[in-house]
Amino acid sequence: MNDDRLKKLSAVRRLPSYLNKLYELKGRGGSTVTLTELALRLNWDDSVIMDDLVLFGAASRMDVGFKIDYVISVLEAY
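Read on for a plain summary of the structure. (Residues numbered from 1 in each chain as written. Predicted model: local features only at pLDDT ≥ 70, side-chain atom pairs only at ≥ 80, totals over all residues. Heavy atoms only, no water.)

**Some details on the packing of helix α1 (residues 3–27) against helix α2 (residues 35–42)**
Relative to each other, α1 and α2 sit at 110 degrees, their axes nearing to 11 Å. One way to sum up the angle between α1 and α2 is to call them roughly perpendicular. The handedness of the crossing between α1 and α2 is right-handed. Residue-level inspection shows Ser17, Tyr18, Lys21, Leu22 and Leu25 of α1 in contact with α2, the latter providing Glu37, Leu38, Arg41 and Leu42. Residue classes in the contact of α1 with α2 are distributed as 5 nonpolar, 1 polar and 3 charged. (Axes fitted to C-alpha atoms, helices over the stretch in contact; angles between N-to-C directions. Helix = DSSP H or I, 4+ residues; strand = E, 2+ residues; numbered from the N terminus. Parallel < 35°, antiparallel > 145°, perpendicular 65-115°, else oblique. Left-handed = near helix turned anticlockwise from the far one by under 90°. Contact = heavy atoms within 4.5 Å. Nonpolar A, V, L, I, M, F, W, Y, C, P; charged D, E, K, R; others polar.)

**Considering the nonpolar core**
Among the nonpolar cores identified, the biggest contains 21 residues, and Tyr18, Leu22, Val33, Leu38, Ile49, Val71 and Leu75 are the most heavily contacted of them. Those elements giving two or more residues to this core turn out to be α1, α2, α3 (46–56) and α4 (68–77). With 6 residues, the top contributor of residues to this core is α1. In contact with Val71, not counting residues within four places along its chain, are Leu22, Leu53, Ala58 and Phe66. (Core = buried A, V, L, I, M, F, W, Y, C linked by side-chain atoms within 4.5 Å. Buried < 20%, exposed > 50% of the residue type's maximum accessible area, 1.4 Å probe, protein only.)

Now the structure itself:
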């Protein structure tokens, strides 16, 4: 398996963790999340998360972070 396919497969396997954490943050009243906050909450490297969000097409950023509803919708559609 080539390196790109392996990266994509690894990212897809992380999808449930992203969705669970994003729904948890949304349930607590959050509307945005920063890359750093998401990395700390998932205990993952922020570069891995950014690469995954770019792959899924959810890397549209604002100054205050990622819109949780938008990222959830993109990840679910993927």
